[in-house]
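One letter stands for each residue in the lines below.
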Amino acid sequence: MKSRFILILILLYHSINIYSQKAIFHHNKNILKINPLGGVASAIPLSIERFFINNYFSLGGSYTYISNKSGSGQSTYNNDGFVIMPQLRHYFYNDSVSHVSIYIGGYYNYEEHYNKTLDRYSNAINGTAKGKGGGLLFGSQWFLKNGFVFDFYIGPGFIEYTRNNNYDNNVAKGGFLVSFTGPKNTGTKVKLGFSLGYSF
């Protein structure tokens, strides 16, 4: 059984090597990216990626700043925070015709969230949630001749949150949309990302 497993790994390794050597193309080593959909969630997601070893691997990371203020008086709901996500990617397929690269990667995720509501006397009720975790990414990246880049990925992950009671209570007061996007529960997650960038 062990020998069969080793044989499968060897065959998989060689098949990826053969496949990745097909139609290799070269591009700039650095990419600066932004998620254009971040504004919908009152967030500013920025990321950078650096290629090495003939563009087969890359190191990168993203930083997302979150800030949302709504309502007034007892209907006030403010939310601030940030998310940091370093990544390591392996590009195992490169197509010189369509200029698309397909990759598999891993990431680490750390985030902090702070929300606030007001009681009937206008005293602040402050909530805090912090999370850390990681997972895998599967994606593709398109390199246009003018230097622009499209990046899309999806993958499974796990994140563990610690939070105080005020955070959950504040989310419950935040309205319909916040009830879907605000809760921070420990468990498996699906990481989905899309960004536009420029290579240099």
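This text goes with the structure placed above it.
Residues numbered from 1 in each chain as written. Predicted model: local features only at pLDDT ≥ 70, side-chain atom pairs only at ≥ 80, totals over all residues. Heavy atoms only, no water.

(A) Focus on the pairing of strand β5 (residues 100–118). Bridge analysis of strand β4 (residues 77–95) against β5 gives 15 bridges, and the strand direction is antiparallel. Residue pairing in the sheet places Asp80 in a bridge with Tyr114 of β5. In this antiparallel pair of consecutive strands, β4 and β5, the connection spans four residues, and His99 shows a positive phi of 55°. Note: β5 against strand β6 (residues 124–143), 19 bridges, orientation antiparallel. Residue pairing across strands places Tyr114 opposite Thr128, the latter belonging to β6. With antiparallel pairing between neighbouring strands as the criterion, β5 and β6 make up a hairpin whose turn holds five residues, including Ser122 at a positive phi of roughly 65°. (Pairing = 2+ DSSP bridges. Helix = DSSP H or I, 4+ residues; strand = E, 2+ residues; numbered from the N terminus.)

(B) Structural view of unusual backbone geometry. One non-glycine residue, His99, adopts positive backbone phi at about 55°. The residue His99 is located in the loop between β4 and β5 in this model. Judged by relative accessible area, which is 23%, His99 ranks as partly exposed. Within the chain, Ser122 stands out as a residue other than glycine whose phi angle is a positive 65°. Here Ser122 lies in the loop between β5 and β6. With relative accessibility at 51%, the residue Ser122 sits in the exposed group. (Buried < 20%, exposed > 50% of the residue type's maximum accessible area, 1.4 Å probe, protein only.)

(C) Spotlight on the sheet that holds β4. Spatially, the eight strands close up into a barrel ordered β1-β2-β3-β4-β5-β6-β7-β8, and their pairing is antiparallel. For this sheet, the mean angle separating the axes of adjacent strands, direction not counted, is 25°. Here 13 bridges tie β6 to strand β7 (residues 148–163), and the two strands are oriented antiparallel to one another. The partner of Ala129 across the bridge, within β7, is Arg163. Most of the contacts of helix α2 (residues 165–173) go to β6, to which it runs at about 75°, and overall it touches β4, β5, β6 and β7. (Axes fitted to C-alpha atoms, helices over the stretch in contact; angles between N-to-C directions. Contact = heavy atoms within 4.5 Å.)

(D) Structural detail: the packing of aromatic side chains. In the structure shown here, the tally under the stated rule is seven aromatic pairs. Ring centres of Phe51 and Phe143 lie 6.1 Å apart, and the angle between their planes is 65°; this geometry places the pair in the edge-to-face category. Taken as a pair, Phe51 in strand β2 (residues 43–52) and Phe143 in strand β6 lie far apart in primary sequence, 92 residues in all. You can call Phe51 buried: its relative accessible area is 1%. (Phe/Tyr/Trp six-rings, centres within 6.5 Å; stacked < 30°, edge-to-face > 60°.)

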